[in-house]
Amino acid sequence: MNTKKTKLSVRETLPMSEATRQRLAAVAEKLKGQELFPEKVAQARQAFQNLVLPL
Amino acid sequence: MQDVAAYSLTATGEAEGRIQFFFESLGSARIVKVIEYTAIRQAGSRVLYNLGFGDYDEESGQVSDLMNSNNGDMRRVFNTVLSTVPLFFATNPHDVIVVRGSDSDKEAALRCFATCRKGCVEYCKNADRRIRTYRYFVEKNFAALVREYVIFGSYRDDIDDFVRYVPGEDYVAILVYRKY
């Protein structure tokens, strides 16, 4: 039996203006490689240090 | 998640265990939002990545995941965050994503108590708002999500003990695998 599968993807993406493109490129260039959420990452490392993945 | 268009993303390639995406939230203000997947540990043959999400403040040059920008476009913003999940798995198909809210830990509650306007006494009414939002989006799209992903949740009292995700449960962390 054929079943209709819905692909999980966002149907549409809003186009980006040139001003936004330039703004984001500048931010990305500035932040690339930096750890942006150090506190949260540290908490996650601690919380899941003994995690045994279920799969 | 399919009925609201996402914002376009700017991505950086993976560098030092981090994959970053940027987009501009166009609500009542124009706010640069940042999504970061950070490798936090190797677990067997897989790498566990933390999903971080926050606002970029151009004046300070800092990123914060503690602000509530209330920019009027929450659905579009969360659709955009979720749109990065398949992008992540396209390059990291065997790895795992863990999601926690930045307002789910004790420190967040203490910070909130310091400026509390809700009269909280025994517990912080703002606690877990972010993970509740993630859960809302997971559950709203659950049927479609489980076709492509295997999802687990864990509870506050035993945060590293993940069980198969059941909608309606009060999870404080979510773990996501891509199905092969």
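As shown above, the structure is provided for reference.
Residues numbered from 1 in each chain as written. Chains lettered and ligands numbered in written order. Predicted model: local features only at pLDDT ≥ 70, side-chain atom pairs only at ≥ 80, totals over all residues.

## Description of the overall build of chain A
Link 1 in the chain: Of regular secondary structure, chain A possesses 2 helices and 0 strands.
Link 2 in the chain: Of all 55 residues assigned to chain A, the portion counted as buried reaches 20%. (Helix = DSSP H or I, 4+ residues; strand = E, 2+ residues; numbered from the N terminus. Buried ≥ 20, exposed ≤ 12 C-beta atoms within 10 Å, placed from the backbone.)

## Comments concerning the overall build of chain B
Link 1 in the chain: A count of helical and extended segments in chain B gives 4 helices and 9 strands.
Link 2 in the chain: Put simply, chain B runs from its N terminus to its C terminus through helices and strands in the order β-β-β-β-β-α-β-α-α-α-β-β-β.
Link 3 in the chain: Its C-alpha atoms give chain B a radius of gyration of 16 Å, near enough to 16 Å, the size a compact globule of 180 residues would have.
Link 4 in the chain: Reported as C-alpha extents along the three principal axes, the dimensions of chain B are approximately 50 × 35 × 35 Å. (Rg over C-alpha atoms; globule rule 2.2 N^0.38 Å.)

## A word on the nonpolar core
Link 1 in the chain: Ranked by internal contacts, the top residues of the largest apolar core, which has 51 residues, are B:Phe22, B:Val96, B:Ile97, B:Val98, B:Ile174, B:Leu175 and B:Val176.
Link 2 in the chain: Ignoring anything within four residues of it in the chain, the contact list for B:Leu175 reads B:Val96, B:Val98, B:Phe152 and B:Phe162. (Core = buried A, V, L, I, M, F, W, Y, C linked by C-beta atoms within 7 Å. Contact = placed C-beta atoms within 7 Å.)

## Concerning the pairing of strand 6 (residues 96-100) of chain B
Residue and element names in this part refer to chain B.
Link 1 in the chain: Across the 5 residues that make up strand 6, a large majority, 5, are buried.
Link 2 in the chain: Of the two faces of strand 6, both are covered, the one formed by Val96, Val98 and Arg100 as well as the one formed by Ile97 and Val99.
Link 3 in the chain: Bridge analysis of strand 4 (residues 46-57) against strand 6 gives 3 bridges, and the strand direction is parallel. Following the sheet pairing, Tyr49 is matched in strand 6 by Ile97.
Link 4 in the chain: In this sheet, strand 9 (residues 173-178) lies alongside strand 6 in antiparallel orientation, the contact comprising 4 bridges. Pairing of Arg100 across the sheet is with Ala173, part of strand 9. (Pairing = 2+ DSSP bridges.)

## Description of the pairing of strand 3 (residues 30-43) of chain B
Residues and elements named next belong to chain B.
Link 1 in the chain: Both strand 2 (residues 18-26) and strand 3 contribute to a ladder of 9 bridges, which runs antiparallel. Looking across to strand 3, one finds that Gln20 is bridged to Glu36.
Link 2 in the chain: A loop of 3 residues connects strand 2 with strand 3, the two strands running antiparallel in sequence.
Link 3 in the chain: Two elements, strand 3 and strand 4, share 11 bridges in a ladder whose sense is antiparallel. Across the sheet, Lys33 pairs through a bridge with Asp55, a residue of strand 4.
Link 4 in the chain: Counted between consecutive antiparallel strands, the loop separating strand 3 from strand 4 contains 2 residues, among which Gly44 sits at a positive phi close to 65 degrees.

## So, the interface of chain A and chain B
Link 1 in the chain: In this assembly, 35 residues from chain A lie in contact with 49 residues from chain B.
Link 2 in the chain: Only helix 1 (18-31) and helix 2 (38-47) of chain A provide two or more residues apiece to the side of chain A that touches chain B.
Link 3 in the chain: Classifying every residue of the side of chain A that touches chain B by side-chain character gives 20 nonpolar, 7 polar and 8 charged. (Nonpolar A, V, L, I, M, F, W, Y, C, P; charged D, E, K, R; others polar.)

## Considerations on helix 3 (residues 129-140) of chain B
All names here are of chain B.
Link 1 in the chain: Over its 12 residues, helix 3 runs 16 Å from end to end, which matches the ideal 16 Å to within 8%, given 1.5 Å per residue.
Link 2 in the chain: Listing the buried residues of helix 3 in full gives Arg130, Ile131, Tyr134, Arg135 and Val138. Along helix 3, the residues classed as buried sweep out an arc of 140 degrees about the axis, all on the same side. (Expected span 1.5 Å × (residues − 1). Arc of directions from axis to C-beta.)

## Digging into the environment of B:Thr38
Link 1 in the chain: Tracing the sequence through the fold places B:Thr38 in strand 3.
Link 2 in the chain: Beyond its immediate sequence surroundings of up to four residues, B:Thr38 is in contact with A:Glu35, A:Val41, B:Gly17, B:Arg18, B:Tyr49, B:Asn50 and B:Gly52.

## Comments concerning helix 1 (residues 74-91) of chain B
Note that an α-helix has 3.6 residues per turn; residues three or four places apart therefore point the same way.
Residues and elements named next belong to chain B.
Link 1 in the chain: With 18 residues, helix 1 ought to run about 26 Å at 1.5 Å a step, and its terminal C-alpha atoms sit 27 Å apart, in line with that.
Link 2 in the chain: Taken together, the buried positions of helix 1 are occupied by Arg76, Val77, Asn79, Thr80, Val81, Leu82, Ser83, Thr84, Val85 and Phe88.
Link 3 in the chain: In this structure, the buried side of helix 1 is in contact with strand 2, strand 3, strand 4, strand 6, helix 3 and strand 9.

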